[in-house]
Amino acid sequence: QVQLVESGGGLVQPGGSLRLSCAASGSIFSINNMGWYRQAPGKERELVAAITRGGNTNYADSVKGRFTISRDNAKNTVYLQMNSLKPDDTAVYYCNAEVRTRSLMPLRDYWGQGTQVTVSS
């Protein structure tokens, strides 16, 4: 069993900052890619940022230059530093991880419960 627990969401004014954290725990052998997705009401879930185990990153065009994704492999944790926040960033943010629970077993996707980020004046 694998759990992803997110924290750090909340209310912030435009131009402000938030730092999201997501810690994976349970039956973990290894973790490959990790990422952050978000979903606003009436819209599809979209990839915000992703990071490989080796540290290669990918960002949505809308957040480039403002958000930074990072990870601590020893702690099975991924972070999303969000700066210069805009109202359009308002959404539920979900953590995702590709996890191998035992040696030689296939990777499986796991998701966090979601954390609300609201950007409003």
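Every value quoted in this text rests on a predicted model; they were computed, and no experiment measured them.

Colleague: Describe the state of the cysteines, listing the residues and the values that go with them.
Modeller: Enumeration over the complete set of coordinates arrives at 1 disulfide. The disulfide partner of Cys22 is Cys95, and the S-S distance across this bridge is 2.1 Å. Judged by the sign of its S-S torsion, about -85°, the bond between Cys22 and Cys95 is left-handed. In this pair, Cys22 sits in strand S3 (residues 18-26) while Cys95 sits in strand S9 (residues 91-100), placing the two residues 73 residues apart along the sequence. Residue class for Cys22 comes out buried when judged on its relative accessible area of 0%. A residue is classified by how much of its surface remains accessible, and Cys95, at 0% relative accessible area, is buried.

Colleague: Describe the nonpolar core, with residues and values.
Modeller: One finds Trp36, Leu80, Met82 and Tyr93 to be the most contacted residues of the largest nonpolar core, which totals 31 residues. When contributions to this core are tallied by element, the ones reaching two or more residues are strand S1 (2-7), S3, strand S4 (30-39), strand S5 (46-51), strand S7 (67-72), strand S8 (77-82), S9 and strand S11 (115-119). Considering each element in turn, this core owes the most residues, 5 residues, to S9.

Colleague: Before we move on, can you summarise the environment of Asp89 with the specific residues and values?
Modeller: Considering the arrangement of structural elements, one finds Asp89 in the loop between S8 and S9. By relative accessible area, Asp89 is classed as buried at 2%. Here Asp89 is in contact with Arg38, Arg66, Phe67, Ser84, Val117 and Val119, once residues within four sequence places are set aside. Reaching out from Asp89, the side chain makes a polar contact with the side chain of Arg38 at a distance of 3.0 Å.

Colleague: Talk me through the packing of aromatic side chains; I want residue IDs and the actual numbers.
Modeller: If you walk through the whole model with that rule in mind, you get 1 aromatic pair. Taking the ring centre of Trp111 as reference, the NZ or CZ of Arg45 above it sits at 4.8 Å.

Colleague: With reference to specific residues and values, describe the pairing of S3.
Modeller: Bridge analysis of S1 against S3 gives 6 bridges, and the strand direction is antiparallel. Each residue of the ladder has a partner; that of Leu4, found in S3, is Ala24.

Colleague: Tell me about the pattern of salt bridges, residues and numbers included.
Modeller: For the coordinates displayed, the defined rule picks out 4 salt bridges. Put simply, Asp61 and Lys64 hold a salt bridge, and the shortest N to O gap is 3.0 Å. Asp61 gets classed as exposed once you look at its relative accessible area, which sits at 65%. Classification of Lys64 as partly exposed rests on a relative accessible area of 49%. Its salt-bridge partner being Arg66, residue Asp89 comes within 2.8 Å of it at the nearest N-O pair. With Asp89 in the loop between S8 and S9 and Arg66 in the loop between strand S6 (57-59) and S7, this pair connects stretches of sequence that are 23 residues apart. When its relative accessible area of 11% is taken as the criterion, Arg66 is described as buried. A network of salt bridges, in which partner residues are shared, links Arg38, Glu46, Arg66 and Asp89.

Calculation criteria
- Residues numbered from 1 in each chain as written.
- Predicted model: local features only at pLDDT ≥ 70, side-chain atom pairs only at ≥ 80, totals over all residues.
- Heavy atoms only, no water.
- Disulfide = S-S within 2.5 Å.
- Helix = DSSP H or I, 4+ residues; strand = E, 2+ residues; numbered from the N terminus.
- Buried < 20%, exposed > 50% of the residue type's maximum accessible area, 1.4 Å probe, protein only.
- Core = buried A, V, L, I, M, F, W, Y, C linked by side-chain atoms within 4.5 Å.
- Contact = heavy atoms within 4.5 Å.
- Polar contact = N/O pair within 3.5 Å; in protein donor to acceptor, adjacent residues only side chain to side chain.
- Phe/Tyr/Trp six-rings, centres within 6.5 Å; stacked < 30°, edge-to-face > 60°.
- Lys NZ or Arg CZ within 6 Å of the ring centre and 35° of its normal.
- Pairing = 2+ DSSP bridges.
- Salt bridge = Lys/Arg side-chain N within 4 Å of Asp/Glu carboxyl O.

In short, geometric facts, not functional conclusions.
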